[in-house]
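Residue-level structural notes
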Amino acid sequence: MDVLITADAICDRIDRMAGEIGAAYHDGRPLTVVGILTGCLVFMADLIRRIDLPVRVAFITASSYRGEATSPGKLLIRDELLPDIRGRHVLLLDDILDTGKTLTRVVAHLLDRGAETVKAGVLLRKVGRQEVPFEPDFVGFTIPDRFVVGYGLDFNDEYRHLPYIGVLDGPPA
Ligand code: XMP
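Residues numbered from 1 in each chain as written. Predicted model: local features only at pLDDT ≥ 70, side-chain atom pairs only at ≥ 80, totals over all residues. Heavy atoms only, no water.

**Side note on the site of the ligand**
For clarity, the cut-off: Definition of nearness: a residue and a molecule or strand are near each other if at least one heavy atom of the residue lies within 4 Å of the molecule or strand. Any pair of N or O atoms that falls within 3.5 Å is considered a polar contact. Within protein, one atom must be able to donate a hydrogen and the other to accept it, and sequence-neighbouring residues count only if both atoms are side-chain atoms. Per-residue and other accessible areas follow the Shrake-Rupley method at a 1.4 Å probe size, with only the shown protein chains counted as cover for residues. Helix and strand labels come from DSSP, where a helix needs a run of H or I of at least four residues and a strand needs a run of E of at least two; each type is numbered from the N terminus. The classification used treats Ala, Val, Leu, Ile, Met, Phe, Trp, Tyr, Cys and Pro as nonpolar, Asp, Glu, Lys and Arg as charged, and all other residues, Gly among them, as polar.
Around the ligand sit 15 residues in total, of which Asp95, Thr99, Thr102, Val148 and Asp154 are the nearest. The side chain of Thr102 places a nitrogen or oxygen atom 2.5 Å from an oxygen atom of the ligand. Between a nitrogen atom of the ligand and a main-chain N or O atom of Val148, the distance comes to 2.7 Å. Burial of the ligand by the protein amounts to 91% of the accessible area it has alone, namely 510 Å². Of all elements in the fold, only β5 (89–97) and α3 (101–112) reach the threshold of two or more residues within the shell around the ligand. The biggest single contributor to the shell around the ligand is β5, with 3 residues. Looking at the shell around the ligand residue by residue, the classes come out as 5 nonpolar, 3 polar and 7 charged.

What follows is the structure, given as structure tokens:
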């Protein structure tokens, strides 16, 4: 496993991202942070502990990768774990922006559910992969077009627990 981003570098960047997020919200109202399961897990846990705002936490499921398949399939959005977000500021968190389809769809879903504003934050953004125009408000790192794991990201539900971002040996095509 090649390490692409070390645990220390992630830690530093998340500190700064939390500052950027705090500076972007001024009205003192609580922020509802919605994580896209399951990849958001580690990123979200670290980020919310550094955001200096009143924060509510919620989750949504949007899955397009299935089992050992690494090419995206149909996107399924499930929001049973989402509280009432009508009139709320929502910060949507995802592990990685790849084609942009997931975040585009989930932002539309949250606005449809009545969120007043939706901003998006991603830990990683892959270059050269985006298929739909989507500009995240907060980006941790821009990375090359490699399949990455660790810090919440998986291959076949493994490697999520790694404290760094790695590139698998002989990555799946
Ligand atoms: P889109 O294409 O909708 O995809 O922006 C976002 C989702 O795709 C998954 N994804 C990855 N997962 N390593 C992973 O473990 C990767 O390199 C990778 N690239 C995309 C991920 O679930 C993300 O939320």
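**Some details on the sheet that holds strand β1 (residues 2–5)**
Whenever strands of a sheet pair, they do so through backbone hydrogen bonds, lying parallel or antiparallel. Our working rule: A pair of strands counts as paired when DSSP detects no fewer than two bridges linking them.
One open sheet accounts for 3 strands, arranged β1-β9-β8; its pairing is antiparallel. Every other strand in the sheet has two partners, leaving β1 and β8 (148–149) as the edge strands with one partner each. Strand direction decides the pairing type here: β1 and strand β9 (residues 165–167), joined by 3 bridges, are antiparallel. Paired with Ile5 across the two strands is Ile165, which belongs to β9.

**Section: the sheet that holds strand β6 (residues 117–126)**
Put simply, the rule is: To define axes, lines are fitted to C-alpha atoms, for helices over the stretch in contact only, and angles between the resulting N-to-C directions are given on a 0 to 180 degree scale. Two residues qualify as a contact provided that any one of their heavy atoms is within 4.5 Å of a heavy atom in the partner residue.
The strand order across the open sheet built from 6 strands is β4-β3-β2-β5-β6-β7, with neighbouring strands paired in mixed fashion. The open sheet terminates on both sides in strands that have one partner only, identified here as β4 (76–78) and β7 (138–143). Strand-to-strand twist of the sheet, defined as the mean angle between neighbouring strand axes without regard to direction, takes the value 25°. Here β5 runs beside β6; their pairing, made up of 8 bridges, is parallel. Paired with His89 across the strands is Thr117, a residue of β6. This element, helix α1 (residues 7–24), spans β2 (31–37), β5, β6 and β7 of the sheet and lies at about 145° to β7. Across the sheet, helix α2 (residues 41–48) is in contact with β2, β3 (55–63), β5 and β6; its angle to β3 comes to roughly 165°.

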